[in-house]
Amino acid sequence: MNLTLRQLRAFAAVAETGSFTAAAATLHLTQSALSVLVRELEREMGVQLFDRHTRRVLLSEAGREFQPSVQRLLADLAGAVAGVTDLRDKKKGVLRLAAPQLMACTLMPRVIAAYRELHPDVDVRLADTLPEHLLDGLLSGEVELAVGQDVAVDAALVERRTLFRDRHWLICPPGHAFARRRQVRWSELGPYVFIAPTRDFRQRVLPELAADARELMLRATTQEVSYMTTALGMVAAGLGLTVCPTYSASLVRAHGLQMVRLDQPDFHREVCVYGAAKRSLSPAAASFVELLQQVAREPGLAG
């Protein structure tokens, strides 16, 4: 049996109005075109759905049996189309994101707040995570996007696009000798306890340093932590120095600490957005990426 949506709509309109003329006007069809659709439906089903009278068209017994099912079918279809349209227009939906804890408490709340202003009915859910586990939720399908600093990816599984390059700054207490400096060289950090803000930080930064600075950093007392908030708390307590990216400035200020430019060399890391490879983004996710790209172009975000 090969029923068409146009046939079902024609049947529903005639059943509701009791008139081919009125039904044709409702559907913006000619009466002859409407009659053809109803006859095709009856022929396809092998039953007469209407009893035609001179002044009135009445449902046959088969038509009365068929009408509730057609009404439910058309209503369900209309609801499904409306739902997909709402998703397309970002009027509703759920967008699941992952970000490292530092970014999740600094940059991402600002972006999410701006996104909700634009699309208030999209439920944005943010999962904060350790940097080394940034892609776990993406690979398991628990989140659609991950945003964070550059990590190695399998291009067959994960698509990565760069948002911006961000400088790392030295973080010290306001009373520290470095706090009055415009810039500090990496080689000057040797005598101080260095609080590495992630487990892999030293292995990332050491190849960037000149031989003398690398030797000093290797000899320096280093404590590795998993969260930037831990590193900042330790610096505030006078237990050492750390580094952090530009976008975390609000958190640094909240701890009452100073940001001083580090150079020789400048150390930057890319901030990227990650999605599943070979899978199109939902409309909500695509529009969120667009907003991220706009924010990334704002002056002063990246160092």
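About the criteria used
- Residues numbered from 1 in each chain as written.
- Predicted model: local features only at pLDDT ≥ 70, side-chain atom pairs only at ≥ 80, totals over all residues.
- Heavy atoms only, no water.
- Phe/Tyr/Trp six-rings, centres within 6.5 Å; stacked < 30°, edge-to-face > 60°.
- Lys NZ or Arg CZ within 6 Å of the ring centre and 35° of its normal.
- Helix = DSSP H or I, 4+ residues; strand = E, 2+ residues; numbered from the N terminus.
- Buried < 20%, exposed > 50% of the residue type's maximum accessible area, 1.4 Å probe, protein only.
- Expected span 1.5 Å × (residues − 1).

(A) Up close: the packing of aromatic side chains. With the rule as written, the count across this model stands at 5 aromatic pairs. Grouping aromatic residues by their ring pairs yields a cluster made of Phe 11, Phe 20, Phe 50 and Phe 66. The cationic tip of Arg 167 hangs over the ring face of Trp 169; the distance from NZ or CZ to the ring centre is 5.8 Å.

(B) Seen up close, unusual backbone geometry. The backbone of His 28 shows a phi angle near 60°, a positive value even though the residue is not glycine. Structurally, His 28 can be placed in the loop between α2 (20–27) and α3 (31–45). A positive phi angle, near 60°, is found at Lys 278, a position not held by glycine. Of note, Lys 278 is situated in the loop between β12 (268–276) and α12 (283–296). Its relative accessible area of 83% is what places Lys 278 among the exposed residues.

(C) Representation of helix α1 (residues 5–17) within the structure. The terminal C-alpha atoms of α1, which comprises 13 residues, lie 18 Å apart, in line with the 18 Å expected from a rise of 1.5 Å per residue. Of the residues trailing α1, Gly 18 is marked for its positive phi of about 70°.

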